[in-house]
Each structure stands twice: as C-alpha cells, then as structure tokens.
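# Topology and contacts: notes
Take a look at the letters that make up each chain.
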Amino acid sequence: MKLMKRYVLTLALTSLLSWGFGLTENNSAGAISPLDSTQLSQTLQSQSSNLPRAIADKILRDASKRSGVPKRELQITQVIPKTFANPCLFNFGEVCTREYNPIEGWEVVVRVRQYSWTYHVDKSGKQIVLDPKVSALQILPKAIAYTILNDASNRSGVATADLKITQATPKTFGNSCEFNFGEICIQLFDPIEGWEVIVKVKGQFWTYHANKSGSQIVLDPKVTATKKS
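The sections below set out a description of the structure shown in this document. (Residues numbered from 1 in each chain as written. Predicted model: local features only at pLDDT ≥ 70, side-chain atom pairs only at ≥ 80, totals over all residues. Heavy atoms only, no water.)

### Considerations on the state of the cysteines
Test applied: What counts as a disulfide here is a pair of cysteine sulfur atoms lying within 2.5 Å. Partly exposed residues are those whose accessible area sits between 20% and 50% of the maximum for their type, while under 20% is buried and over 50% is exposed, using a 1.4 Å probe and protein chains only.
Going through the model one piece at a time under the given rule, you end up with two disulfides. Here Cys 88 connects covalently by a disulfide to Cys 96, the sulfurs 2.0 Å from one another. Measuring handedness by torsion sign, the sulfur bridge of Cys 88 and Cys 96 sits at about -80 degrees and is left-handed. With relative accessibility at 24%, the residue Cys 88 sits in the partly exposed group. Given a relative accessible area of 25%, Cys 96 falls into the partly exposed group.

### Thoughts on unusual backbone geometry
Excluding glycine, residues mostly have negative phi values, and the peptide bonds linking residues are mostly trans. What counts is decided by this rule: Runs of H or I in DSSP of at least four residues are treated as helices and runs of E of at least two as strands, each being numbered from the N terminus.
Positive phi outside glycine occurs at Phe 92, with the angle close to 65 degrees. Among the structural elements, Phe 92 can be located in the loop between helix H3 (87-90) and strand E2 (103-112). You will see that Lys 202, though not glycine, has its phi angle at about 55 degrees, which is positive. Relative to the helices and strands, Lys 202 is located in the loop between strand E6 (192-201) and strand E7 (204-211).

### Comments concerning the pairing of E7
Test applied: Each pair of strands is called paired provided DSSP finds at least two bridges between the two strands.
Within E7, six of the eight residues are buried, which leaves the element mostly enclosed by the surrounding structure. Where E6 meets E7, eight bridges bridge the pair, whose relative direction is antiparallel. Bridge pairing in E7 places Gly 194 opposite Asn 211. Taking the residues between adjacent antiparallel strands as the criterion, E6 and E7 are bridged by two residues, where Lys 202 takes a positive phi near 55 degrees. In the sheet, E7 pairs with strand E8 (residues 217-219) via three bridges, with the strands oriented antiparallel. The residue of E8 that forms the bridge with His 209 is Val 218. What sits between E7 and E8 in their antiparallel hairpin is a turn of five residues, with Gly 214 showing a positive phi close to 85 degrees.

Don't take any of this as a statement about function, it's just geometry.
This is the structure:
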C-alpha cells in the first residue's frame, strides 16, 4: 500500500514539474516575440538601405532644387527595388511598347511638404526621373511664389492670405521680349528659363512671368492700374 502511495505521489510530482517546465517554455516563447519584431524591423531597414546613400542624396538634391525646400526638410519615405521592363516604363510612359529591355533600379518616394513625389532611378544613379504627374504647383519654389503674391498684394491692396496661385507652368521664353509680354518681338533666340504663374485676385486672374532664379518678375501689362482697390 505504501509502495502504491509513493508511486502515485511520484507521478503527481512528475506531472507538476512537467507542467511547470511547459509554463516556463511558454513564457519564454512569449518573451521572444518582441525580439522577432525588432529583427523584422531591422530586416526591413536593411532592405531599404540597399539604395546607396549617394543616390539617395542625389534624389533629395533634385527634389530640393525643384521645390525650393531645404534638403534637410525632405524625407525618403519608401524605397522599392524594381526591374522596369523597358526605358518607356522607366520614364513613366502611360502607353508603352512591349519591348523587353530591362532597367534595374528603384522606385523612390520623397515627402515634399504635404506631397509625395515618385522618382525612378537606375542602379548606377545616372538616370533619375521624376513622375511628370507631379504638378508644377508643387515644384514652383516657395520663394518665387512668395515674391509674386507679395507683388500682387501691393498692387491690389488684397492681403496675401486672400490671394491664390491657381496655375504655375514651367516655360522657356524665346527671348527677353517674350518674357516681358511683348506682342511683336524680334526673332532673336536668347532663351530665358522660368515660369508663367496665374494668381487669382478677387474675381480676376493675373498672369506673371518669372525667371528661374526669381530675380525677375513681370506682371502682364494688360492688368491695368484700375484693378487696385
């Protein structure tokens, strides 16, 4: 009888010990999951870092130059390794041939103020293309926009907060005559890179020409002085 009791007690202790080890193992497994999460994060960061720093820097410099936003305020939010089937697709062509002439590279998304700009870049970093759907309004440098709005405000008496740029088109003016809204201009080709900018002033639309640096800004002379309030 005593032997039987000892046997039962031994079985009970063994069961308890086994349950305890199982509990310890389960707790250990639960403790591992945060490590797994960290490892996953590190893996994702490692995949993103496949984009060479020099290429990332080149993309950010391009975005800064186009937008007028300092490079330090821009952020790459997404990097996707990609094989573009042909140069047409690489250059964001909407209707492309089925030619297979692959370009290895990345699709890179950059945060520019409240916008997301998509770039395609090849593996060498020699070809960097911005999605043409990025509107000119997003690209017009802030300093130029401010100068134009300030000028329109001074001429109209309307506060800059009540003015709105409705359109900004990158433009190459054939010469200074065209830049200055000349109706009859000489055929001389002396190009000026810049912008045609439309500002809504109350119920009217004023057209400005601005050169690329913003050092020259000209209002269409058809906008008469009587438009001042």
